[in-house]
Amino acid sequence: MYAVLAGGVGAARFLRGLTAAVPGEEIVAVVNVGDDLTLHGLRICPDLDSITYWLAGVVHPEQQWGRADERHTVADELRRFGDPGWFTLGDRDLATHLHRTARLREGAPLSVVTDEIRRAFGVSTRLLPVTDDPVETRIHTSDGRDLHFQEYWVRERARPQVAEIAFAGAADAEPAPGVVEAILDADVVLVAPSNPVVSIDPILRVPGLRAAVHQSPAPVVGVSPIVGGRVVRGMAHRLLPAVGAEVSAAGVAAYYGDLLDAWVVDDRDRDAVATVEATGVRAVATDTMMDDPEVAAALARTCLALAGGGS
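So, how was this worked out
- Residues numbered from 1 in each chain as written.
- Predicted model: local features only at pLDDT ≥ 70, side-chain atom pairs only at ≥ 80, totals over all residues.
- Heavy atoms only, no water.
- Axes fitted to C-alpha atoms, helices over the stretch in contact; angles between N-to-C directions.
- Helix = DSSP H or I, 4+ residues; strand = E, 2+ residues; numbered from the N terminus.
- Parallel < 35°, antiparallel > 145°, perpendicular 65-115°, else oblique.
- Left-handed = near helix turned anticlockwise from the far one by under 90°.
- Contact = heavy atoms within 4.5 Å.
- Nonpolar A, V, L, I, M, F, W, Y, C, P; charged D, E, K, R; others polar.
- Salt bridge = Lys/Arg side-chain N within 4 Å of Asp/Glu carboxyl O.
- Buried < 20%, exposed > 50% of the residue type's maximum accessible area, 1.4 Å probe, protein only.
- Pairing = 2+ DSSP bridges.
- Polar contact = N/O pair within 3.5 Å; in protein donor to acceptor, adjacent residues only side chain to side chain.

**Description of the packing of helix 8 (residues 196-204) against helix 11 (residues 249-256)**
Viewed as axis vectors pointing N to C, helix 8 and helix 11 meet at an angle of 20 degrees, and their least axial separation amounts to 12 Å. Classed by the angle they form, the pair helix 8 and helix 11 counts as roughly parallel. Here the hand of the crossing between helix 8 and helix 11 comes out right-handed. In this structure, helix 8 contributes Pro196, Ile200 and Asp201 to the contact, and helix 11 contributes Val252, Tyr255 and Tyr256. For the contact of helix 8 with helix 11, a count of residues per class yields five nonpolar, no polar and one charged.

**Regarding the pattern of salt bridges**
Scanning all chains against the criterion turns up 16 salt bridges. A salt bridge links Arg155 to Glu151, with the nearest nitrogen and oxygen atoms 3.5 Å apart. Linking Arg155 with Glu151, this pair stays in helix 6 (residues 149-155), spanning four residues, or about one helical turn. Overall, the relative accessible area of 32% leaves Arg155 in the partly exposed class. Linking Arg270 and Asp267 is a salt bridge whose minimum nitrogen-to-oxygen distance equals 2.8 Å. Overall, Asp267 belongs to the partly exposed group, its relative accessible area being 35%. Where salt bridges share partners, they join Asp143, Arg145, Glu151, Arg155 and Glu156 into one cluster.

**Brief notes about the pairing of strand 6 (residues 136-141)**
Relative to strand 8 (residues 162-168), strand 6 runs antiparallel, the two sharing six bridges. Bridging from a neighbouring strand, Ile139 pairs with Ile165 of strand 8. Bridge count for strand 6 against strand 7 (residues 146-148) is three bridges, and the pairing is antiparallel. Along strand 7, the bridge assignment pairs His140 with Asp146.

**Overview of the side chain of Asn32**
Tracing the backbone through its elements, the reader meets Asn32 in the loop between strand 2 (27-31) and strand 3 (37-39). For Asn32, a relative accessible area of 0% puts it in the buried group. Of note is the side chain of Asn32, whose polar atom sits 3.3 Å from the side chain of Asp35.

Structure representation (structure tokens):
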């Protein structure tokens, strides 16, 4: 069984490749919930939904998030009433949020609702929110504001200088049912090429998660989200300095520290292999740009081979 710490589009693309390398039923993705928010009375889980849509083959091909063949009739009508529209929800996407919100109000935990959604989309990979409890990634800006991550990333377009990053609620959260067991029982634990600060950190901040990764007998293999000294997507280059980490393939490996047994970098960062291996972490370089599904599958196979779990 393969456990994957996951968040964002990078994780979704990696999981697509992993499902081409091993049966989807053998994969459990432990997914970040720090990006989740409530808008128009609806509970929205961007990382869980993006991964679901990617694995179901219904993601918007250009955006790489949201639904393909989407319409925005409701969003357009909301603007009639003065909605600022900084976080646009498509009509198809709304159905997912409506179902989730209704079930949560009935008392179903997020992990149960997530399982209902992934089954409805025909996704065989098990998706587990890291916790059923509310956790929010908060961005404290240098000009004194306290922003929800989505406000910082979507509304402000990651322009404000970041002074500090906090994970509200994480210290009091409990792992969702099955999360710790998935990590402890895994043959391989994989850290997806996600933003280490706002996708992986919120997972590891939930009590018991980092300990489970350390206690698991499985090798832990991560993939660098930095390619050629630059982020592939997102704003990691703005957030890594805020936590004292270098924006480089070796810098992210150092940030994860003793969590890793092995680290995969892009061919363009081949020089980082020796730096990483000097810390006692095995490292290899390969093509990590997953625009092509075959590249994503090859990357997954490289990770498994490095772990001794496949070829």
